[in-house]
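What follows is the residue order along each chain.
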Amino acid sequence: MTAPARFAAPADGRLDAAMRAAYARDGFLILEGFVPPADCDALQARAAELVDAFDPAETPTVFSATTQEHARDAYFRESGGAIRFFCEAGAVDPDGRLAVPKALALNKIGHALHDLDPVFDRISRSERFAGLAAALDLAAPLLLQSMYIFKQPHIGGEVDWHQDATFLYTNPSSVVGFWLALDDADIDNGCLWAIPGGHSGPLRRRFHYAKGALTMAVVNDTPWPETPPVALPVRRGSVIVLHGLLPHASSANRSARPRHAYSLHLIDGRAAYAPDNWLQRPTLPLRGFI
Ligand SMILES: O=C(O)CCC(=O)C(=O)O
Ligand SMILES: [Fe+2]
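Residues numbered from 1 in each chain as written. Chains lettered and ligands numbered in written order. Predicted model: local features only at pLDDT ≥ 70, side-chain atom pairs only at ≥ 80, totals over all residues.

Novice: Even after reading the chapter, I still don't get the overall build of the protein, so can you show me in this structure?
Specialist: Of the regular secondary structure elements, the protein holds 7 helices and 17 strands. Compactness check: the protein gives a C-alpha radius of gyration of 18 Å against a globular reference of 19 Å for 290 residues, within 12% of the reference. Summarising its shape, the C-alpha atoms of the protein cover approximately 55 × 45 × 40 Å along the three principal directions. Among the 290 residues that make up the protein, the fraction classed as buried is 43%. Pairs at least 24 apart in sequence give 82% of the contacts found in the protein among residues at least 6 apart. (Helix = DSSP H or I, 4+ residues; strand = E, 2+ residues; numbered from the N terminus. Rg over C-alpha atoms; globule rule 2.2 N^0.38 Å. Buried ≥ 20, exposed ≤ 12 C-beta atoms within 10 Å, placed from the backbone. Contact = placed C-beta atoms within 7 Å.)

Novice: Please clarify how the sheet that holds strand β5 (residues 106–111) should be interpreted in this entry.
Specialist: Strand pairs in the sheet, formed through backbone hydrogen bonds, run parallel or antiparallel to each other. Read from one edge to the other, the open sheet built from 9 strands follows the order β1-β2-β14-β9-β16-β6-β5-β4-β3, with strand pairing classed as mixed. The sheet is open, and its two edges are formed by β1 (6–8) and β3 (61–62), each paired on a single side. Pairing analysis gives 3 bridges linking β1 to strand β2 (residues 28–32), with the strands arranged parallel. Its bridge partner lying in β2, Arg 6 is registered against Ile 30. Along the sheet, helix α1 (residues 17–26) makes contact with β1, β2 and β14 (239–243), crossing β2 at roughly 140°. (Pairing = 2+ DSSP bridges. Axes fitted to C-alpha atoms, helices over the stretch in contact; angles between N-to-C directions.)

Novice: Just checking my understanding: could you explain the nonpolar core for this structure?
Specialist: Within soluble globular proteins, side chains that are nonpolar tend to cluster in buried spots. Counting 70 residues, the largest nonpolar core has Phe 28, Leu 180, Val 239, Ile 240, Val 241 and Leu 266 as its most contacted members. If we skip the residues at most four places from it in the chain, Leu 180 touches Val 35, Val 239, Ala 261 and Tyr 262. (Core = buried A, V, L, I, M, F, W, Y, C linked by C-beta atoms within 7 Å.)

Novice: I keep staring at the site of ligand 1 and nothing clicks. Help me out?
Specialist: Close contacts around ligand 1 come from Ile 149, Lys 151, Val 159, Asp 164, Gly 177, Trp 179, Leu 242, His 248, Ser 250, Ala 261 and Ser 263, and that covers them all. Elements with a minimum of two residues in the shell around ligand 1: β9 (176–181), β15 (248–250) and β16 (261–268). Across the shell around ligand 1, the residue classes tally to 5 nonpolar, 4 polar and 2 charged. (Near = placed C-beta within 6 Å. Nonpolar A, V, L, I, M, F, W, Y, C, P; charged D, E, K, R; others polar.)

Novice: Would you take a moment to explain the pairing of strand β11 (residues 205–210) for this structure?
Specialist: Consecutive side chains of a regular strand alternate in pointing toward one face of the sheet and then the other. Taken together, the 6 bridges between β11 and strand β12 (residues 213–218) define a ladder with antiparallel strand orientation. The residue of β12 that forms the bridge with Phe 207 is Met 216. Hairpin geometry of β11 and β12 is characterised by an intervening segment of 2 residues between the two adjacent antiparallel strands and by a positive phi of about 50° at Lys 211.

Novice: Just checking my understanding: could you explain the sheet that holds strand β13 (residues 230–232) for this structure?
Specialist: Taken together, 4 strands build an open sheet; the order of strands is β7-β15-β10-β13 and the sheet is antiparallel. Each having just a single partner strand, β7 (159–162) and β13 make up the two edges of the open sheet. With direction set aside, neighbouring strand axes in the sheet form an average angle of 25°. As judged from the 3 bridges shared by strand β10 (residues 192–194) and β15, these two strands associate in the antiparallel manner. Bridged to Trp 193 within β15 is Ala 249.

Right, here's the structure in full:
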């Protein structure tokens, strides 16, 4: 593959035949200009307010996609039904205190923004996203997980190769990600990368509870396909649809620019949600678009 296919977003979220074919072939779909600037502004402004209200005097919990060290923390484990703040490893002193201002220290906010915050709720449940879910044949879409990802200038960490079904497993697999760029994303500030067509392979790992502990378990040791990965640079407002079995990643942000993104994960309510998945919401019922 040379450059990945990209499409101008349809206003109602419905997909035409060429878009469907690209998604079926590649396992991802780039929809440019999917979310209008006013909604991108609203999400960024609301995130800034949430960060202002966050008290970093709480012991900061570092989120590391490479070590998964956060898995030991109840603060992380209970975040599926809450709004929680996770820091970059590079933002915390050896004594556990923040080394940079909190607004520049965060890795992400997760994982129920779309249910617990009115601004995130409104935009996550817009007609556009509902139309997109329907077009992807999610007959009973449930909005499972949301993340505001900062990928901070200079210290924003890498996200290593993974499939989202590793974290959000249903039987059969049904998870789909809507990844919205809130800043222009390119190779220098850590845009997404994907292995085109890699969604046709098996699920490799599951991040799940085993004997009371969160563990990364290998369920299939097939290596990632040899197909060269492609970078998916996009402008602000673009949405990248990610098939739940697509291998994808992002590099560290070595630039002086932020790379904010809002990521929403949906599952099909007809599939069985695994009771040993890391993300559980015992007190917050799952909802669809209404
Ligand atoms: O934003 C990133 O760097 C990674 C996001 C991701 O893996 C996801 O949204 O599924
Ligand atoms: Fe992912």
